[in-house]
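Read off the chains here:
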Amino acid sequence: MASPAPRPPARPVRRTQEERSAETRERLLDATLASLIEVGYAHTTTTGVCERAGVSRGAQVHHFPKKAELVIQAVEHLATRMGVELRERAGVAREGAPIDAVVDGIVEIFAEPVFYAALELWIAARTDAELLESLLVLERRMGRRLSDAWRELAGPAALAPDFDAVIALTMHLARGMALQKILRSDDAERQRLLGVWKRMVSTLLVDSANEPLDTRGS
């Protein structure tokens, strides 16, 4: 019996121009984030980013003509990923108080690379009007996305009148702790303080929800 003829090798699947373009963009954004975190904004150059990403200078200019646009898009790229993770977390049943999960989620945001990348931009934007303008637009977009995610994660607690104030204060607290961690790491003390804050937040939201309507805003 004759042996079956060998099968021809599978032909590689050709990617579309759109797929190749999307991959190039992602490589540039990931390389930019890595550069911001490792060497800071001042030492991040488009040439260095291209080398990290393994793409040509022409490809970088095609997608991101200016450095400011590249770094802003890179931070938003990471923030979008984190927003997806937060929404996935909101869809999973969690044990314990929902507001505790929200506080933990906010603190985690400021322990992620996106915070340190954004911090580099905040510092640079102090003396760069073009970067500042772009950064303010990004901050508003990120703020809206995160606010929606916090509300989903909080569930009924998000209905309390003081919920937005609690979120704003928690973000200020988490940002300050993240900045302090650059100089000194004291995880035990930070966890103790967060425990105190969670108890204060729970009490505040309960009191706010139970406050008579005619006394609010007076």
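Residues numbered from 1 in each chain as written. Predicted model: local features only at pLDDT ≥ 70, side-chain atom pairs only at ≥ 80, totals over all residues. Heavy atoms only, no water.

Moving on, we come to the packing of helix H6 (residues 113–125) against helix H7 (residues 129–154). With their axes 9 Å apart at the nearest point, H6 and H7 run at an angle of 140° to one another. Overall, the two elements H6 and H7 adopt an arrangement that is oblique. Along this stretch, H6 crosses H7, giving a crossing that reads as left-handed. Contacts between H6 and H7 involve Leu121, Trp122, Ala124 and Ala125 from the former and Leu131, Leu132, Leu135 and Glu139 from the latter. Broken down by class, the residue content of the contact of H6 with H7 amounts to 7 nonpolar, no polar and 1 charged. (Axes fitted to C-alpha atoms, helices over the stretch in contact; angles between N-to-C directions. Helix = DSSP H or I, 4+ residues; strand = E, 2+ residues; numbered from the N terminus. Parallel < 35°, antiparallel > 145°, perpendicular 65-115°, else oblique. Left-handed = near helix turned anticlockwise from the far one by under 90°. Contact = heavy atoms within 4.5 Å. Nonpolar A, V, L, I, M, F, W, Y, C, P; charged D, E, K, R; others polar.)

Attention now moves to the confidence of the model for the protein. On average, the protein scores 82 in pLDDT, and the residues at 70 or more come to 83%. Below a pLDDT of 50 lies the segment residues 213–218, which in the model reaches 5 contacts outside its immediate sequence neighbourhood of four places, other chains included. (pLDDT = per-residue confidence, 0-100.)

We now examine the pattern of salt bridges. Enumeration over the complete set of coordinates arrives at 7 salt bridges. A salt bridge links Asp164 to Arg151, with the shortest nitrogen-to-oxygen separation between them at 2.5 Å. Of this pair, Asp164 sits in helix H8 (residues 163–183) while Arg151 sits in helix H7, and the two are 13 residues apart along the sequence. Using a relative accessible area of 44% as the deciding quantity, one classes Asp164 as partly exposed. The salt bridge involving Arg190 is made with Asp187; its shortest N-O contact spans 2.3 Å. (Salt bridge = Lys/Arg side-chain N within 4 Å of Asp/Glu carboxyl O. Buried < 20%, exposed > 50% of the residue type's maximum accessible area, 1.4 Å probe, protein only.)

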